[in-house]
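Letter by letter, the chains look like this.
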Amino acid sequence: MARWCYRHRLVVLLLWVGALVGVGFSASTAGTNYANVFSLPDTDSKTAYDLMQKAFPNTSGDTDTVVWKVDNGSVTDKAVQGRVQPALDKIAKLPGVGAVTSPYAGARGSAQISKDGTIAYAQLTFTKRANEIPKEQVQKVLDTAQDAERAGLQVELGGQAIQRVQEPPQGLSEMVGIVAAAVVLFLAFGSFFAMTLPIAIAVFGVGMGLFSTQLLSHTTDIPDIAPLLASLIGLGVGIDYALFIVTRHRRGILRGMDPEESAVTALNTSGRAVLFAGGTVCIALAGMLVTRLHFLDGVVIGTSLTVVLSVLAATTLLPALLGFLGPRVLSRRQRRRLAAQGPEPEKASGLAARWSANVEKRPRRIAALAVVVMAVLAIPVLSLRLGATDQGNDDASTTTRKAYDLLAEGFGPGFNGPLQVVSVGGDTAKLVQGLRSTPGVAQVAELPPSQGVTVIQVVPTTSPQSKETDDLIDTLRGRVIPKAGAEAHVGGVTAVSKDFASVTGDRLPLFIATIIGLGFLLLLVAFRSLVVPLTAAVMNLIAAAASFGVLVAVFQWGWGLDLLGLGKEGPINAFLPVIMLSLLFGLSMDYQVFLVSRMHEEWVHTKDNARAVRVGLAETSRVINSAALIMVCVFLAFVLSGDSGAAMAGVGLAAAVALDAFILRTALVPAAMHLLGRSNWWLPAWLDERLPHLAVEPQEPAAPEPAAPSGAATAIHGFVRTPEGDPVEDASVTLMSKGGRQLDRVTSLADGSYIVSVPAPGAYLLAVTSASYGSKARHVTVVEGPLVYDVELTGDEVDAVN
C-alpha cells in the first residue's frame, strides 16, 4: 500500500484534497446541531426533570440574565429606569429573543431587586437553545444592554448564550498549538519541508474528523465539547504518528537507501506501530461506553473518528507527500554530508546514549527517584472533588463572571444555582414549611401548580459548587422530604451536577479496570510477555494519579490559575476523569509500543535483556521526547479555547504526557526493566502456543536470506579491542541473517580473537556485546573466502543496527 501511494502520489493527494473540500463544504452548508444531553437514568434529578418537562413543556429556550448595579441611590430611581428599561424594551424586539422579564413591570418584579436596592436583574428568554442561537443575535443583545451603562451604572450579562459570544475566535487554540508544534519539529528535523509533513497530516486528519463530526451531529447527540476534544487529541496523535514515520524515513535515506525504498520500509515498520497505536487509542476511547453515560457517546464518536482519520492520513497521504519531497526531507546540510561522505552508520550516541548507559548503571537509584517524584505529584489527588464548573469559574474580566458575582452579592451565593423541588403528591404546605426551616436554605418560593405538579424553588445559602450545597441536597432527599410525607424529587442544574458526579464516581472503577485490562491483553499479544503489560498497567495508574494530582492543585486548589488566566478555582468537571483516563491510556500505550517494540526487536536478536533495554531506550528516547513536547504544546494551547472543560483537559493531558514521557518512559520503565532482567520477556509455553502472533514492528526488509550451504561456507574472524588497543575477553559475538535469524554465536578469547562460521557469501549482521564495554553491530558483506573484521568497543556509546 505504501509503495502504491508513493508511486501514485498525485492521485492520492488529489483524493485527500477533494475529500477534505467536499466534506468541509457539506458540513458548512448543513451547519452544526450539537446537543448537551445529560441522560442520567434512575437518578432523582432526572425524575424531577421529566416531571417538569411534562408539566411545563414551554421552557426549552435558553434563559440568560441582564444584571445592573448602581454606585449611589437605588435601581428604582427614575434616572436609572430611564436608561435600563428602554434597553430592555429594545432587546425584547431583537430577533431570537422570546421574552424579557423586567423588575420594573408586574407584581413580582420587586423580587428581582436586591434588599438594599442597588442591584437588579432581568431575565431574557431566547427562542432556541444557546448552541442554536446565531452569535450575531446574541452579540446584538450584549451590545444593546451594555449601551445603557454610564458612570455609576454597571451592566453585565450572564448565561450560556452570552458565554458563547465571549469565547475566543474558533480555531485560535488549534492555530497556536500548530505553530508551537512547528517550532519543535523544525528544531528536531532542521528542515522546513520535513517540518511541514507532520503538520499537513494533522491538518488533514483533524479537518476531516471535525467536518465529519459536524455532519454526524445532525443524526446523533454530540456535545459541543466533542469537537474541541477531537481536535485536541487529533492534533496530538496526527503530528506524533507522522513524526515517528518521517523520523524512520529520514534514517533510511541517511543510511543510503533509495527514497522510495526508505518510505516503504518506514511505513512497513513504524507505520505498523502507528496502526497498532491508533487502534489502542480508539479502544481506550471506546472504553468510555462501559460507563453508560450517554453524554460521552458523542465524545467517543468524535474523538475516535478523528484518530482513525489521522492514522489513515499518516499511512496513505504521508507516503505520497514523501514521494513529492524525495531527498529534500533531509536538511541541506545533511544532503551535502550524504553526498560527500556517503551513508552514515546507524548509531545512537550523544545525550540519549549517555542517559541510556546511566540508567543501566544505576537502575535502583533512578527508579527510586522517579517513584518519589510521581508520588509527591499524586498527593493532591487524595482531595479530588468532582462537580461541575459554572460561570463563577470564568476569568474575572468576563461579563459572565461579573454578572455571576453581582447576583451573588445582591441575592446570595446560592442564587446562581437554585434547587427545584418537584412535588407530585402529599402535603405540599408541610413540605414548604419544612424546607424553610432547613439550615442552609436562604429562600423558598412555591410556583403555581400545573397538571398536578408543583415546583418549589429553593435557594441555598451557599454557592452551587460548595460542599455545603451538596450536603443540603442529601439532607432534602434523605430527611426533609420523607419527614413531610411528600412525594418529591430534587432537581435543577446543581442537583444534576451532583448526581452526574456521583454516577461517574461509582462507575469509574469499572471503567479503569476495562481499559487497563484491554491494554494488558493488547501488549500481551504484541510483545508475548506477561511482565511487560503488567509493568505498563502499573505505569498507567501512576501517570494517572500524578496527572490528576497536578489537575487538583491547579484547578481545585487554585495554584497558578491567575498566571494561566483560567478564572477561579472549583471542583474538577465530573466527566473529565473518564475522558482524561481514556486519552492518557491511549497516549501512554503509544509511547510504550514505540519504546518496547524496539527493545523487543533487540531481545529477539540477542536474548540480552540489558542490551535490549539500553539500545531501545537510546534509539527511541529522543523521538518519544520530541513527540511528547509537541503534544504538551498542543494541549496547553487549548487553555486559549475559552471553554473551561477543554482548558482543564488541556492542562491535565499536558501534565500527563510530560510526566509519562519524560519520567516514566525515559527513566522508570527502563530502570524497572533492567531490574527485572530476563523475566521481562517471560511467557508460559502453553500461553505462547494459544496467543495469536502480531507483528507490531517487523524487521526492515532487506536482502534475501543467504542460500543454504553449497560448498561455499566461509568465516568471519578478527579481534575485539578497546580504543586503546586492549583485547576484550568474553565478548559475545553473534552472526545473524539480515532477517534476524541467528546463525552462529561465540565468545572472544583472552587475546580478543573470535571466529564465526558463515554458511555462504552474502549480507549479514555481526553484533558484539560486552558487559564492560557496551555493544556494537554492523552490516557485513562476505564475498569469497574468510573475511577479517576487527571490532572496537567503547564504554560510552550504543551503536546498533535494526
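The following refers to the structure shown. Since this is a predicted model, take the numbers as computed values, not measurements. (Residues numbered from 1 in each chain as written. Predicted model: local features only at pLDDT ≥ 70, side-chain atom pairs only at ≥ 80, totals over all residues. Heavy atoms only, no water.)

### Comments concerning the overall build of the protein chain
Thinking step 1. In terms of regular secondary structure, the protein chain is built from 24 helices and 19 strands.
Thinking step 2. Dimensions of the protein chain, computed from the C-alpha atoms along their principal axes, are close to 110 × 55 × 45 Å.
Thinking step 3. Within the protein chain, the proportion of its 802 residues that are buried is 55%.
Thinking step 4. By sequence separation, contacts in the protein chain at least 24 residues apart represent 77% of the contacts at least 6 residues apart.
Thinking step 5. Accessible surface for the protein chain amounts to roughly 32,900 Å². Of this, 59% is attributable to carbon and sulfur atoms.
Thinking step 6. Positive and negative side-chain charges of the protein chain, numbering 63 and 67 respectively, have mean locations separated by a distance of 2 Å. (Helix = DSSP H or I, 4+ residues; strand = E, 2+ residues; numbered from the N terminus. Buried < 20%, exposed > 50% of the residue type's maximum accessible area, 1.4 Å probe, protein only. Contact = heavy atoms within 4.5 Å. Areas by Shrake-Rupley, 256 points an atom, 1.4 Å probe, with all protein chains shown as cover. Lys, Arg positive; Asp, Glu negative; His and termini not counted. Charge placed at Lys NZ, Arg CZ, Asp CG, Glu CD.)

### With respect to helix 9 (residues 226-254)
Thinking step 1. Taking 1.5 Å per residue, 29 residues should reach 42 Å; helix 9 reaches 41 Å between its end C-alpha atoms and fits that length.
Thinking step 2. Burial within helix 9 is extensive, with 27 of its 29 residues counted as buried.
Thinking step 3. Residue Gly 256 follows helix 9 closely and has a positive phi angle near 100 degrees. (Expected span 1.5 Å × (residues − 1).)

### Thoughts on the nonpolar core
Thinking step 1. Membership of the largest hydrophobic core comes to 153 residues, with the highest contact counts inside it found for Met 288, Leu 296, Phe 555, Tyr 591 and Phe 635.
Thinking step 2. Ranked by the residues each element gives to this core, the list is headed by helix 23 (residues 644-676), at 18 residues.
Thinking step 3. Beyond its immediate sequence surroundings of up to four residues, Phe 555 is in contact with Leu 561, Leu 566, Glu 569, Gly 570, Ile 572, Ala 647, Met 648 and Val 651.
Thinking step 4. The next biggest cluster of nonpolar side chains, apart from the first, holds 27 residues, and it includes Leu 94, Tyr 104, Ile 133 and Val 138. (Core = buried A, V, L, I, M, F, W, Y, C linked by side-chain atoms within 4.5 Å.)

### Comments concerning the sheet that holds strand 6 (residues 419-425)
Thinking step 1. Spatially, the 4 strands line up as an open sheet ordered 7-8-6-9, and their pairing is antiparallel. Two strands in the sheet have a free side with no partner beyond their single neighbour: strand 7 (441-446) and strand 9 (487-491). Put simply, the sheet's adjacent strands are angled 20 degrees from each other on average, direction ignored.
Thinking step 2. One ladder, built from 5 bridges, connects strand 6 with strand 8 (residues 454-460); its direction is antiparallel. (Pairing = 2+ DSSP bridges. Axes fitted to C-alpha atoms, helices over the stretch in contact; angles between N-to-C directions.)

### Let's talk about unusual backbone geometry
Thinking step 1. Unusually for a residue other than glycine, Gln 451 sits at a positive phi of about 55 degrees.
Thinking step 2. Structurally, the position occupied by Gln 451 is in the loop between strand 7 and strand 8.
Thinking step 3. Here the phi dihedral of Arg 528 falls at roughly 50 degrees; this positive angle occurs in a residue that is not glycine.
Thinking step 4. With respect to the helices and strands, the residue Arg 528 is situated in the loop between helix 18 (493-527) and helix 19 (531-556).

### Focus on the packing of helix 19 against helix 23
Thinking step 1. With their axes 8 Å apart at the nearest point, helix 19 and helix 23 run at an angle of 145 degrees to one another. The way helix 19 lies across helix 23 gives a crossing that is right-handed.
Thinking step 2. Grouping the amino acids of the contact of helix 19 with helix 23 by side-chain chemistry returns 20 nonpolar, 4 polar and 2 charged. (Left-handed = near helix turned anticlockwise from the far one by under 90°. Nonpolar A, V, L, I, M, F, W, Y, C, P; charged D, E, K, R; others polar.)

### Concerning the environment of Leu 523
Thinking step 1. Tracing the sequence through the fold places Leu 523 in helix 18.
Thinking step 2. Judged by relative accessible area, which is 0%, Leu 523 ranks as buried.
Thinking step 3. With 14 residues separating them in the primary sequence, Leu 523 and Ala 537 have C-alpha atoms 9.8 Å apart.

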